[in-house]
Structure formats: C-alpha cells, structure tokens
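What the coordinates show
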Amino acid sequence: MLKRFIVLGCLTGASFFVACNQIEQPQEDQAAESAKSEKAEKKLEMYEESELALLMRKMYEDNLAIGEEIKKGNLPESFPEDFKTIHTAVATNPEELDATFDALAKEYLKNMEAITAAENQMEATEAYNNMIGTCASCHQIYCQGPLAKIRKMRIKDIMPASGT
C-alpha cells in the first residue's frame, strides 16, 4: 500500500510539474515573439536623410566627376547651382551648425568659383584640392564619417594635359 501511495504521489507531482511547465511555455513563446516583432519594427524604420545630407552626397558625386574632368585637362565653366543651398539646406541636427559651419560653407563656394575661374589645369587642380581641404576641415568638426572618402578625392601629381 505504501508503495502505491509513493508511486501515486510521484505521478501526481510529475503531472503538476508537466502541467506547470506547459503553462509557462506559451508565456515564454509570447515574450520571444514580442521581441522578434520589436526587432522587425526597428528594422523597418528607415533613416530619412536631411536636405543637407542629400546635398552633400550629390556634391560628392559631382565633385568626383569634376576632379576626373580636371585630370583630363577639361576645366569646368560652372558648378551646379544647388551647391549654393549649402547655407539653407536643413541639417540632421540644425542646432549644431554655427558660424564656423557658415564660414566653411562660404569658403567651399569660393573654392568652387576658383575652379571655374581657373585659366589652366594646374590652377584648377589647386582650387579643387583647396575645395577638398575645406570639405575635410568642415567634416573634421561636424561629421567625421565621410572624411576618408573626402581625402581620397584629392588630385595628386597630375601631368598637364596637352594644350593647357
């Protein structure tokens, strides 16, 4: 009789253990599903670039092309007008932009004008490299992420194109 009581007690205890474990399992699954759902929502949130970030990406692409043209001996006669919006384009954190940013933006535009005013490939190269230096100076202060790409834009050791 004692043997039956012990076996019955063990079976009863085991059934409570299994039943409790089954009740807890769905809650753990719900927590895991909730965590997965939150991660999925975070992945779906896209970073929206500011006007200034978009402008600077365009400036990068256009200035790479300008540099290639200068290397070939072709001097640009103008630069994109939208570059002049560097002062008014809304930044990601506009409160961080100050008089230093404004001064560097003015210097950038001055260098762009010097490229278009250059009379030969050497002058254009110097103005272009000054413009790249201004970009690097600004990004050293405000947004260091693209510095390596900017520095690679410099024109090094060009051979003057024939006829210039």
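Comments concerning the packing of helix α2 (residues 51-71) against helix α4 (residues 121-142)
Interaxial distance between α2 and α4 falls to 10 Å at its minimum, and their mutual angle equals 155°. Here α2 lies roughly antiparallel to α4, going by the angle between them. When you trace α2 past α4, the crossing you get is left-handed. Only Gln 121, Ala 124, Thr 125, Tyr 128, Met 131 and His 139 of α4 make contact with α2, whose side of the interface consists of Met 56, Asn 63, Leu 64, Ile 66, Gly 67, Ile 70 and Lys 71. Of the residues assigned to the contact of α2 with α4, the class counts are seven nonpolar, five polar and one charged.

What to know about the packing of α2 against helix α3 (residues 99-117)
Running from amino to carboxyl end, α2 crosses α3 at an angle of 30°, the nearest separation of the two axes being 13 Å. With respect to their mutual orientation, α2 and α3 come out roughly parallel. For the element pair α2 and α3, the recorded crossing hand is left-handed. Contact residues: α2 offers Leu 52, Met 56, Met 59, Asn 63, Ile 66 and Ile 70, while α3 offers Phe 101, Tyr 108, Met 112 and Ile 115. Looking at the contact of α2 with α3, its residues break down into nine nonpolar, one polar and no charged.

Comments concerning the pattern of salt bridges
Under the definition given, this model contains eight salt bridges. Across the pair Lys 71 and Glu 68 runs a salt bridge, and its minimum N-O distance is 3.1 Å. Pair noted here: Lys 71 and Glu 68 are both in helix α2, with a separation of three residues, about one helical turn. Among the salt bridges present, the one from Lys 110 reaches Glu 107, with a minimum N-O distance of 3.7 Å. Taken together, the residues Lys 110 and Glu 107, both in helix α3 and three residues apart, mark about one turn of the helix. Given a relative accessible area of 32%, Glu 107 falls into the partly exposed group.

Describing the side chain of Asn 129
Looking at the secondary structure, you find Asn 129 in helix α4. By relative accessible area, Asn 129 is classed as buried at 12%. Once residues lying within four places of it in the same chain are set aside, the contact partners of Asn 129 are Arg 154 and Ile 155.

Here's the deal with α4
Here α4 is 22 residues long and its end C-alpha atoms lie 31 Å apart, about the 32 Å a rise of 1.5 Å per residue gives. A side-chain oxygen of the first residue of α4 lies 3.0 Å from the backbone nitrogen of Met 122; this N-cap is Asn 120.

Brief notes about the environment of Gly 67
Residue placement: Gly 67 occurs in helix α2. Of the residues examined, Gly 67 reaches a relative accessible area of 2% and is grouped as buried. In this structure the C-alpha to C-alpha distance between Gly 67 and Met 153, which are 86 residues apart in sequence, comes to 7.6 Å. In this structure, Gly 67 is in contact with Tyr 128 and Ile 155, ignoring residues within four places of it in sequence.

Focus: the packing of aromatic side chains
All chains considered together, the criterion is met by three aromatic pairs. Considering the side-chain rings of Phe 83 and Tyr 108, the 6.2 Å spacing of their centres and the 45° angle between planes classify their relative orientation as tilted. With Phe 83 in the loop between α2 and α3 and Tyr 108 in helix α3, this pair connects stretches of sequence that are 25 residues apart. In terms of burial, Phe 83 and Tyr 108 fall into one category: buried. For the pair Phe 101 and Tyr 142, a centre-to-centre distance of 5.7 Å together with 90° between the ring planes defines the contact as edge-to-face. Residue Phe 101 is found in helix α3, and its partner Tyr 142 is found in helix α4; the two are separated by 41 residues along the sequence. With a relative accessible area of 6%, Phe 101 lands in the buried category. Assessed through its relative accessible area of 21%, Tyr 142 is described here as partly exposed. Among the aromatic residues, those joined into a cluster by ring pairs are Phe 79, Phe 83 and Tyr 108.

Quick notes on the rules
Residues numbered from 1 in each chain as written. Predicted model: local features only at pLDDT ≥ 70, side-chain atom pairs only at ≥ 80, totals over all residues. Heavy atoms only, no water. Axes fitted to C-alpha atoms, helices over the stretch in contact; angles between N-to-C directions. Helix = DSSP H or I, 4+ residues; strand = E, 2+ residues; numbered from the N terminus. Parallel < 35°, antiparallel > 145°, perpendicular 65-115°, else oblique. Left-handed = near helix turned anticlockwise from the far one by under 90°. Contact = heavy atoms within 4.5 Å. Nonpolar A, V, L, I, M, F, W, Y, C, P; charged D, E, K, R; others polar. Salt bridge = Lys/Arg side-chain N within 4 Å of Asp/Glu carboxyl O. Buried < 20%, exposed > 50% of the residue type's maximum accessible area, 1.4 Å probe, protein only. Expected span 1.5 Å × (residues − 1). Polar contact = N/O pair within 3.5 Å; in protein donor to acceptor, adjacent residues only side chain to side chain. Phe/Tyr/Trp six-rings, centres within 6.5 Å; stacked < 30°, edge-to-face > 60°.

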